[in-house]
Amino acid sequence: MNATAQSRPVTLLADYRPYPFTLTETRLDVTLSPDATRVRAAIDMAAAPGCEGSDLVLDGGKGLDLHSVALNGAAIDPKHLRRDDETLTIAAAALPPGPFTLETEVVIDPAANTSCEGLYLSGGIFCTQCEAEGFRHITFYPDRPDVMTTFRVTMRGDLPVLLSNGNPIRQEPGLAEWHDPWPKPSYLFALVAGDLVAVPGRFTTRSGRDVALNVWVRPGDQDSAGFALDSLVKSMKWDEDVYGREYDLDVFNLVAVDDFNMGAMENKGLNIFNSKLVLASPETATDTDYERIEAVIAHEYFHNWTGNRITCRDWFQLCLKEGLTVYRDQQFTSDLRSAAVKRIEDVQTLRARQFREDQGPLAHPPRPDRYEEINNFYTATVYEKGAEVIGMLRLLVGDQGYARALDLYFDRHDGQAATIEDWLAVFQDATGRDLTQFKRWYTDAGTPILTMREDWQDGTLTLDFAQQTPPTPGQPDKPARVIPIAVGLIGPDGTETAPTRVLEMTETRQSFTFEGLAERPVVSALRGFSAPVILRRPMDDATRAFLLAHDSDPFARWEAGRELAMAALLRAATGAPPEDGALVEAMGRMLADEAADPALRALCLHLPGEEEIAARLASDRSEPEPDAIHAAREALARRLAVAHEALLADLYDRMAVEGPYRPDAPDAARRSLRLAVLGLLSRIDDGARAQALFDAAGNMTERMGALSVLVRLGRAEAALQAMAAEFGANRLVMDKWFSVQVMAAPPAQAVAIACDLAALPAFDWRNPNRYRALLGGLAANHAGFHAADGSGYRFYAEWLMRMDPANPQIAARMSTAFETWPRYDATRRGHALAALEAIAAMEGLSRNSREMVARMIAAGQSRSEG
């Protein structure tokens, strides 16, 4: 089922038409065999009102070996059948009047399926991935999200565990029957079979339903599944308490598999997870791993209502289910951990992934109006920006308005496939607010640039704002959007003189006034990151330092420190004196602030990343020089360490966590601050503390933190050998081992290290996690990937071309490392373009990669023409 270079017409939102048939039940009988799985499907259906006389078109890939097709038990005359690479069409003349049952039988080859889409094998375990269009590789079916029906599944096979969606009806050796009473689209179908063991639990819903919970893992992994089970229980309880949503089946199964293209999948009652997002122990998982597991398990569980009970009408509406569910999982983590720290981390992710997307050739609106390959639109714009749009909507209508609208959404659209228009309509109906202009956040691509200027006259402060969204592919001009701007005022003595006020900007230019002020305040703008915009305002280092010291809003405080560091780094990266005295002094005060959350202090200590600095330079129409950026960042880190050595050393010792490891927020915060301090101290102690910590660490968080430092210093050989000797058989730890060696490597050595690692027998590149570990690690090493001789581009392109025939989705998603290539100097652009053109010229290139690469090449051509 490997990809070929067949073309597919561009799919347009404007061309949407409802499916001309309605389905009432789907029955599958699956006999499992590694290379010859037999799938018998019986679908009860009828022509939709007004659609009588339509041909019946079913989706189905070339990998389906069709053995039979019948209507109401009678074979169809071959003259009424037409098949191409992607569909099976039954002529209207062959269809009986009224309801009928379509029966098909196909044979597929899961063992030969390396794409991790459809039905495939992962280490001997049968598993599925059907979102977005995987079900068509299992059987012929109307594989679209607006076709919803109930499923009954019979599974046969000589395997100890046979799982599917819904509730179990019959289970005996070699056979299992499952029934899902809730109508669902085919992308939510799931099947898992193999040698698995369950870590069981139970949950009683608030209405009294007793739910059996199971986390299924490979034998030997049971001791690493307890945290996942606990996270599931917390998620179920939270969704009841906060959104009033109960679980609706008698069983909830969660399965961990090693080969998975995504993080996890919300299949109804049978969530399938990448094992890295389930398995955790103090010896093998970091604090970040634990928090990520907790969040992703919540995310997939929350989809039960926002994605499953209410799904999306078509794939253009993907941000409806994903943006809302991301927002819900962000709320969940904020409630369980630190809301302030979570908000800052979410903004960092948005800026690193989605702002970069908006500023390049792959920019698209949260709801696009066209696509060639839908799998290329599982992006940060759909997920993270989609969540930001939900957050703005809640800010504008208020908490009570949001709650009323969500209740109406669930009541009105339960069991339906909805659209963005449906979503906005419930808010309009629940709150009376006109959201016509707000809708532009869904339909317009790009990140608005918001400029702010101040005018002070006789006790009145006027804030003048202007908004402008740069051109993006296919959208050169964009009208003004609704932008909520949260603003507070701080007096010269550091006390807040005006609490947070949300200014609602609706025009291209707009002014707001604050009257009756005794003295000119310092403005704290965009508090809580109230809108996903780029704020530009004249501000000197003294004002930034003042806000870092006194702002009561945690995000604004962190942002002030970030901008203070960025200003110094931009000067240094362009050859000017860094003038970082204000930053050094402000960081000293932050280090000494014992009242501040250790996790917040840790975030403030982390300097802006090299990619972030490059993006800022590019936005100022400067060509970033990766080596100069790297040198500037290293030099600033060393100056901070020298200036505050004693304070840092004391803090490092005091932040040590005593007692058994706990992944809770307070302990994780202390470890995060300790490791941030270690990163600075390592610039002046030659890695002595890092080596001592690596040798003594009793948890993976501190061990990986220390190892990263040692790799950066070129002193990690013994530590790497020790880790490989201890964890060589642990696939998840070894993913970390591969990644850290290229991600943290001195840039001049990164490509050579990547080449050496790729030659190791342990580099199983067909495994998505292992492939991402190495390739993603190199892409994250900014100066290494963008090496002036083009070696990073060539290495990366070679491995994309190797992966593409085996797993087009992974190749296409990883190709985004090239999306910023037009911003660099002519020499680097030449190397990057050559690498992209080599990929584009590859025989049999998948449509996934072809679409991505073509868009990136076109961006470079546009730049040259410009």
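To start, this report covers the structure provided alongside it. (Residues numbered from 1 in each chain as written. Predicted model: local features only at pLDDT ≥ 70, side-chain atom pairs only at ≥ 80, totals over all residues. Heavy atoms only, no water.)

1. With respect to unusual backbone geometry
Looking along the chain, the bond that leaves glutamate 131 and enters alanine 132 is cis, with omega of 5°. With respect to the helices and strands, alanine 132 occurs in the loop between β11 (125-129) and β12 (149-156). Of note, phenylalanine 529 is a non-glycine position whose phi angle comes to about 50°, a positive value. Inspection of the secondary structure puts phenylalanine 529 in the loop between β30 (522-525) and β31 (534-536). Positive phi, normally seen in glycine, also occurs at arginine 621, with a value near 65°. Inspection of the secondary structure puts arginine 621 in the loop between α12 (610-619) and α13 (626-643). (Helix = DSSP H or I, 4+ residues; strand = E, 2+ residues; numbered from the N terminus.)

2. Comments concerning the packing of aromatic side chains
Tallied over the full model, the rule gives 42 aromatic pairs. Seen from their ring centres, tyrosine 301 and phenylalanine 302 are 6.2 Å apart, and the 65° between their planes marks the pair as edge-to-face. The pair formed by tyrosine 301 and phenylalanine 302 is uniform in burial state, with each residue classed as buried. With 5.8 Å between their ring centres and 45° between their planes, phenylalanine 555 and tryptophan 558 make a pair best called tilted. In this pair, phenylalanine 555 and tryptophan 558 are both assigned in helix α9 (residues 554-573), 3 residues apart and thus about one turn of the helix distant. (Phe/Tyr/Trp six-rings, centres within 6.5 Å; stacked < 30°, edge-to-face > 60°. Buried < 20%, exposed > 50% of the residue type's maximum accessible area, 1.4 Å probe, protein only.)

3. Topic: the packing of helix α16 (residues 688-696) against helix α17 (residues 700-713)
Their axes nearest at 8 Å, the elements α16 and α17 cross at an angle of 145°. The way α16 lies across α17 gives a crossing that is left-handed. In this structure, α16 uses Ala690, Gln691, Leu693 and Phe694 to contact α17, whose residues at the interface are Glu702, Arg703, Ala706, Leu707, Val709 and Leu710. (Axes fitted to C-alpha atoms, helices over the stretch in contact; angles between N-to-C directions. Left-handed = near helix turned anticlockwise from the far one by under 90°. Contact = heavy atoms within 4.5 Å.)

4. Considerations on the packing of helix α3 (residues 318-336) against helix α4 (residues 339-358)
Two elements in contact, α3 and α4, have axes separated by 7 Å at closest approach and are oriented at 145°. On α4, the residues touching Gln330, Thr333 and Ser334 of α3 are Ala339, Lys342 and Asp346. Partitioned by chemical class, the residues of the contact of α3 with α4 number 1 nonpolar, 3 polar and 2 charged. (Nonpolar A, V, L, I, M, F, W, Y, C, P; charged D, E, K, R; others polar.)

5. Quick look at the pairing of strand β27 (residues 483-490)
Of all 8 residues in β27, 8 are buried; the element is thus mostly enclosed. In this sheet, strand β28 (residues 496-505) lies alongside β27 in antiparallel orientation, the contact comprising 7 bridges. Paired with isoleucine 483 across the two strands is methionine 505, which belongs to β28. Joining the antiparallel neighbours β27 and β28 is a turn of 5 residues, in which glycine 494 adopts a positive phi near 95°. Here 4 bridges tie β27 to β30, and the two strands are oriented antiparallel to one another. Residue pairing across strands places valine 487 opposite alanine 525, the latter belonging to β30. (Pairing = 2+ DSSP bridges.)

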